Amino acid sequence: MFDILVEYGDVLARGFLSTIELFLLSAVGSLVLGTLLATMRVSPIPALRAVGTGYVTLLRNTPLTLVFFFFVFAYPKLELVQFPFFTAAVIALTIYTSAFVCEVLRAGINTVPVGQAEAARSIGLGFGQSLTNVILPQAFRATVPPLVSVLIALLKNTTVAAGFSVNEVGAVIPYLNEQGEPTLNAFVWIAVGFLILVIPLTLVQRSFEKRWSVSR
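Residue positions within a chain follow its written sequence, with the count starting from 1. It should be noted that, the model being predicted, local features are given only for residues of pLDDT at least 70 and side-chain atom pairs only at 80 or more, the latter also being counted only at that level, while totals for whole chains, interfaces and linings use all residues. To get the side-chain values, take all heavy atoms of the structure and skip hydrogens and water.

Novice: Which residues make up the overall build of the protein, and what values go with them?
Specialist: A run of H or I in DSSP becomes a helix once it reaches four residues, and a run of E becomes a strand once it reaches two; helices and strands are each numbered from the N terminus. Each helix and strand in the protein was counted, giving 9 helices and 0 strands. Shown N-terminal to C-terminal, the secondary structure of the protein runs as helices and strands in the order α-α-α-α-α-α-α-α-α. Looking at the protein residue by residue over its 216 residues, the buried ones come to 41%. We call two residues contacting when some pair of their heavy atoms lies within 4.5 Å. Nonlocal contacts in the protein, meaning residues at least 24 apart in sequence, comprise 79% of its contacts between residues at least 6 apart. Within the structure as shown, the protein displays about 11700 Å² of accessible surface, and the carbon and sulfur contribution to it stands at 67%. Any residue under 20% of the maximum accessible area for its type is buried, any over 50% is exposed, and the rest in between are partly exposed; the area is computed with a 1.4 Å probe on protein chains only. Per-residue and other accessible areas were derived by the Shrake-Rupley procedure at a 1.4 Å probe size, with only the shown protein chains allowed to occlude residues.

See below:
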């Protein structure tokens, strides 16, 4: 088993570096787009609420694999801007994960006392100013633990990209199989690698959970 790590350590390292890059780019995109969608979901404008609701409903009920299929195979047939496989994977993961980020943030916004918004309006702040300066900061503080859970799920979902010609760690298994290495051994090392990546996120999650429970 350790022979794989010695002989193919560089292959595993490149795969995990690609996975980390895919995760970080998708995480940033998901947080930005998810925040925008959450803002639309609580907007006083009915059209924005409808768009936000439709987006979240569609993406949360669509398998991630189908989202990948669209951006890798269907989207190029529209003959618009063409994306490399890696970029298409980032877009697919961002669009999919942002729907879950949106719902977590919307739940956090709903936990903010109504009096906070009323106080903001009483001093002359508009909806956008109230949301940005008063409500969202409190919502983010309350939703850090569940947001980390969403990001952990995103990290594990990056392996789907291997099925669409993205050279991340999930693609290492077929490569090792071609070299005649046992599949189980490859799975073990990839599982260990993901464990190393997930543990820091889990520790951050638990830390914020403790701080939040104490502050309450």
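Novice: Please set out the environment of Ala 92 residue by residue, giving values where relevant.
Specialist: Note that Ala 92 resides in helix H5 (residues 85-111). Setting aside its immediate chain neighbours within four residues, Ala 92 contacts Leu 64, Val 67, Phe 68 and Phe 71.

Novice: Go over the nonpolar core, please, and point to the residues and values.
Specialist: Side chains that are nonpolar tend, in soluble globular proteins, to be buried together. In plain words, nonpolar cores are sets of buried Ala, Val, Leu, Ile, Met, Phe, Trp, Tyr and Cys residues tied together by side-chain atoms within 4.5 Å. Core analysis: the biggest nonpolar cluster contains 35 residues, and Phe 23, Val 67 and Phe 68 have the highest contact counts within it. Where this core is concerned, the elements lending two or more residues are helix H2 (9-41), helix H4 (64-74), H5, helix H7 (127-157), helix H8 (172-178) and helix H9 (183-215). With 7 residues, the single largest contributor to this core is H5. Grouped together as the second largest cluster of nonpolar side chains are 19 residues, Leu 37, Val 56, Val 101 and Leu 136 included.

Novice: Can you lay out the pattern of salt bridges for me, pointing to particular residues and giving the numbers?
Specialist: The term salt bridge refers to a pairing of a side-chain nitrogen on Lys or Arg with a carboxyl oxygen on Asp or Glu at a separation within 4 Å. Within this structure, the stated rule accounts for 3 salt bridges. For the salt bridge of Arg 41 with Glu 103, the shortest nitrogen-to-oxygen distance reads 3.0 Å. Remark: Glu 103 occurs in helix H5 and Arg 41 occurs in helix H2; sequence separation between them is 62 residues. Per residue, the accessibility class of Arg 41 equals that of Glu 103, and both read buried. Between Glu 103 and Arg 60 there is a salt bridge, with the nearest N and O atoms lying 3.6 Å from each other. Of this pair, Glu 103 sits in helix H5 while Arg 60 sits in helix H3 (residues 46-60), and the two are 43 residues apart along the sequence. The class of Glu 103 is buried, set by a relative accessible area of 14%. In the salt-bridge network here, residues are joined through shared partners; they are Arg 41, Arg 60, Glu 103 and Arg 106.

Novice: Give a description of the packing of H4 against H5 that names residues and reports values.
Specialist: Put simply, H4 and H5 touch, their axes get as near as 9 Å, and they point 140° apart. Taken together, the axes of H4 and H5 lie oblique to each other. Of the two elements, H4 crosses H5, and the hand of that crossing is right-handed. For the pair H4 and H5, contact is made by Leu 64, Val 67, Phe 68, Phe 71 and Val 72 and by Phe 85, Ala 88, Ala 89, Ile 91, Ala 92, Leu 93, Ile 95 and Tyr 96, respectively. Across the contact of H4 with H5, the residue classes break down as 13 nonpolar, no polar and no charged. Fitted lines through C-alpha atoms give the axes, limited to the stretch in contact for helices. The angle between two N-to-C directions lies from 0 to 180 degrees. Put simply, angles under 35 degrees are roughly parallel, angles over 145 are roughly antiparallel, angles from 65 to 115 are roughly perpendicular, and the rest are oblique. Crossing handedness: left-handed means the near helix sits turned counterclockwise from the far one by under a right angle, and right-handed means the same turn made clockwise. When residues are grouped by polarity, Ala, Val, Leu, Ile, Met, Phe, Trp, Tyr, Cys and Pro land in nonpolar, Asp, Glu, Lys and Arg in charged, and all others, Gly among them, in polar.

Novice: Describe the packing of helix H6 (residues 114-122) against H7, naming the residues involved and giving the relevant values.
Specialist: At a minimum axis separation of 10 Å, H6 and H7 run at an interaxial angle of 160°. Relative to H7, the element H6 lies roughly antiparallel. Seen from above, H6 lies across H7 with right-handed handedness. Taken together, the residues of H7 that come into contact with H6 (itself represented by Gln 116, Ala 117, Ala 120 and Arg 121) are Ser 130, Val 134, Ile 135 and Gln 138.

Novice: Please give an account of the environment of Thr 62 that cites residues and values.
Specialist: Inspection of the secondary structure puts Thr 62 in the loop between H3 and H4. Sequence spacing of Thr 62 and Tyr 96 is 34 residues, and the spatial spacing of their C-alpha atoms is 8.4 Å. Apart from residues lying up to four places away in sequence, Thr 62 is in contact with Val 67 and Tyr 96.

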